[in-house]
Amino acid sequence: GLLHEFEGGSGDHRSIQSGFFAERQRGLLTYSLIAGTEVCVNAGAGERGVGIHDLLSQKIYTAFYHLHSPPQRTHLLTTWVHRYLSTQPIDDVRDYFGEKVALYFAFFGIVNVWLGVATVAGVVVCLRGVVAAVGGPDGFDWSLLFDNNLTPWLSLFISLWANLLVNFWIRHTRYLSWKWGTTHYEAQESRRPGFRPTQLRRSPVTGRLEAHFPERDRRVRQLGSAGMMLMWVGVVVLCIVGQILLGAFLAPRVENEVVVNLITSVVGLICINILKIPFGAVVERLNEWENYRTETSYEDALIIKRYILDFVNAYAQLFYSAFLKPHMGSLSAGLIDTCSTPQSCAHGVTIYLLVIFVGGQLLERFQEIGIPWIATRTTQFVHAQKRWWRRKREGGKGKVVPVVVAHHSADAVGNAEEGKSKSGRSSPAHSTDHTAGRHLPQYYHDDKLLPFQGVREEYCQRVLQLGYVTFFICAFPLAPLAAILNNVYELRADAFKMLTVYQRGVPFRAQDIGVWEDILRFIASATLITNASIVAFTSPSFDSLFLSGCSPDRRLAIQLAFVLAFHYAVSVVSHVLKVAVPETPEAVRVAMMRASYLDRVARDEGCEEEDEEL
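The shown structure was predicted, so the numbers you read here are calculated from the model rather than taken from an experiment. (Residues numbered from 1 in each chain as written. Predicted model: local features only at pLDDT ≥ 70, side-chain atom pairs only at ≥ 80, totals over all residues. Heavy atoms only, no water.)

Draft legend 1. Up close: the overall build of the protein chain. Scanning the protein chain from N- to C-terminus turns up 21 helices and four strands. The long-range share in the protein chain, meaning contacts at least 24 apart out of those at least 6 apart in sequence, stands at 73%. (Helix = DSSP H or I, 4+ residues; strand = E, 2+ residues; numbered from the N terminus. Contact = heavy atoms within 4.5 Å.)

Draft legend 2. Fine view of the confidence of the model for the protein chain. Overall, the predicted model of the protein chain reaches an average pLDDT of 80, with 82% of residues at or above 70. The weakest mean pLDDT in the protein chain belongs to helix α14 (residues 410-413) at 35; the strongest belongs to helix α5 (residues 90-97) at 93. Confidence drops under pLDDT 50 across residues 398-437; counting only partners more than four residues distant or on other chains, this segment forms 71 contacts. (pLDDT = per-residue confidence, 0-100.)

Draft legend 3. Structural view of the environment of I558. Turning to its location among the elements, I558 is positioned in helix α20 (residues 552-580). Separated by twelve residues in sequence, I558 and F546 place their C-alpha atoms 7.9 Å apart. Non-local contacts of I558, meaning those with residues more than four positions away in its chain, are made with F546, L547 and C550.

Draft legend 4. Structural context of the packing of α5 against helix α6 (residues 99-134). One way to put it is that α5 packs onto α6 with a least axis distance of 7 Å and a crossing angle of 150 degrees. On the basis of the axis angle, α5 is roughly antiparallel to α6. Where α5 crosses over α6, the handedness of that crossing is right-handed. Only E99, V101, A102, F105 and A106 of α6 make contact with α5, whose side of the interface consists of I90, V93, R94 and F97. Here the contact of α5 with α6 is built from residues that sort into seven nonpolar, no polar and two charged. (Axes fitted to C-alpha atoms, helices over the stretch in contact; angles between N-to-C directions. Parallel < 35°, antiparallel > 145°, perpendicular 65-115°, else oblique. Left-handed = near helix turned anticlockwise from the far one by under 90°. Nonpolar A, V, L, I, M, F, W, Y, C, P; charged D, E, K, R; others polar.)

Draft legend 5. Examining unusual backbone geometry more closely. With a phi close to 65 degrees, K59 is a non-glycine residue in the positive phi region. Relative to the helices and strands, K59 is located in the loop between α3 (52-57) and α4 (70-81). With a relative accessible area of 69%, K59 lands in the exposed category. Here the phi dihedral of N291 falls at roughly 65 degrees; this positive angle occurs in a residue that is not glycine. With respect to the secondary-structure elements, N291 resides in the loop between α10 (257-290) and α11 (295-324). Among the residues examined, N291 registers a relative accessible area of 3% and is labelled buried. (Buried < 20%, exposed > 50% of the residue type's maximum accessible area, 1.4 Å probe, protein only.)

Draft legend 6. Spatial organisation of the packing of aromatic side chains. Inspection of every chain in the model, using the stated rule, returns 30 aromatic pairs. Between F107 and W169 the ring centres are 5.3 Å apart and the planes differ by 70 degrees, which places this aromatic pair in the edge-to-face class. Placement of the pair is F107 in helix α6 and W169 in helix α8 (residues 151-179), with a sequence separation of 62 residues. Side by side, F107 and W169 carry an identical accessibility label, which is buried. Ring centres of W114 and F168 lie 5.7 Å apart, and the angle between their planes is 45 degrees; this geometry places the pair in the tilted category. Within this pair, whereas W114 is found in helix α6, its partner F168 is found in helix α8, the two being separated by 54 residues in sequence. The ring centre of F108 lies 4.3 Å from the NZ or CZ of R462, which sits over that ring. (Phe/Tyr/Trp six-rings, centres within 6.5 Å; stacked < 30°, edge-to-face > 60°. Lys NZ or Arg CZ within 6 Å of the ring centre and 35° of its normal.)

Draft legend 7. Focus on the pairing of strand β1 (residues 199-202). Pairing between β1 and strand β2 (residues 209-212): four bridges, direction antiparallel. For R201, the partnering residue across the bridge sits in β2 and is E210. In this antiparallel pair of consecutive strands, β1 and β2, the connection spans six residues, and G207 shows a positive phi of 80 degrees. (Pairing = 2+ DSSP bridges.)

Draft legend 8. Seen up close, the pattern of salt bridges. One pass over the full model with this rule turns up 22 salt bridges. Among the ionic pairs, K305 bridges to E290, the shortest N-O distance being 2.9 Å. Of this pair, K305 sits in helix α11 while E290 sits in helix α10, and the two are 15 residues apart along the sequence. The two residues K305 and E290 agree in class, both being buried. When the shortest N-O distance is used, the salt bridge between K497 and E458 registers 3.0 Å. Note that K497 is positioned in helix α17 (residues 479-501) and E458 in helix α16 (residues 456-471), a separation of 39 residues in sequence. Here K497 matches E458 in class, with each residue buried. Where salt bridges share partners, they join R24, R94, D95, E99 and R509 into one cluster. (Salt bridge = Lys/Arg side-chain N within 4 Å of Asp/Glu carboxyl O.)

Written out as structure tokens, the structure reads:
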């Protein structure tokens, strides 16, 4: 046949089986075949077919996952996890986990590089603050440490930084999608296995009958989802009101604003982490109810819902402290905690950001590494106890051999009958359990690992972290430093847990990070407003530089003028840079034009253009 004309199509049957498709492609093909198949339990009774996910939820099947490959996993542990300061092998990560996971780690790495630049700026501002604080007339003035005459320039820098980061990442995404051949992937995306159509329609594109769910019905369901989300936003607001009342209760009794701010900040951190627990389940149920056709549209809607709730939960108290609390004195009547001076308001924002941001990162590390590690060790201990009891019942003969199925997917079996490859190493489907002294299949080991839940939570942590760094850097210029110290460890920790703690995920394809790009653009735009407003309305240094001796009306006019000038200056510079550095690199643009030309020539033989002459 013609198979030998394709790359990987020559050789014996076994080499074709393992080399014609890449391992990620074989895994995705296997997933598509299984997930796209529906069965009717009572044929002819008019029942809807059920797929593998329905069977898993009904406990008919216990698990469904892609097998880890011990040789590849060992290679990634050596070249990726254990090399903290080296460049990530993104292509190897893509080959093992697929484009969707690889894009997350590529994004994580670029954010870390850019945080290094922001860290330098923040450290310079703090060093200037130390010099100003030491030279104060009344000794060391702590208020100048983070808020000094360089703070307005830091806010201008971080606003430009956020916009440039987004533009650079989009540009890098275009390069990766071209390199990996996923530029037009979303246009070719097929139906999601969980999609539940209610009618048939003739496709306006292909002219064929296709399963359909009316957009009108989805809009009605989206309105219902919006009402449910408003209810949860109300719960977050009630928690914030409780923190405000707690501060008002403690203020006259403690008589120390720093202690009051610390206590309310710790309570806020606890509330944020408690409220995050139900958010995931709530938005997943609402999203499943809205019934999206493709995986991309489903993921995008799920991410938007989750980010809205997390945004309100994470930042609401900070926005209140920065923008509302300084002006609540005339309305408090003793019921609301207020600021005694502008400096105390600025210090309150700094304390709250320190506790929520730094403390939150420490809690996340424990949740991501500590809890999965404990759960995995507990599972392994339980399995070991079961084996011990089984051996004891059988009289210590140790005849505990797992059932080995006859057939696996191509990448899972390799040498299933032989047990080992010719090189002497275990095949991807098998490894040796040295404690038991016998050869056990890979699925036996992977079954002890935790199910892989995707990288949606990791993306959410990254964008929330960027919000803390960019929205409130004027209150805490060392926020980029705290972020990068956390991220250098977390990047490798995320890699480690995906390789050793979780089952291997399906190697899904992706052309970009989806709706996260729109969220990044939103963060960049909001950064302009928040930084300009914090500097103009809450910064004591701005007060002393521009507002000394001004009447209230003139103060407000100067503050508003600064916010507008700041916003338009950054917007103009960002737009100029965006035009000067297009989102699609020139080499990628030329390569895409070349591919389009060759495709046109292949479809219409003889249309190849001739050389032009002057």
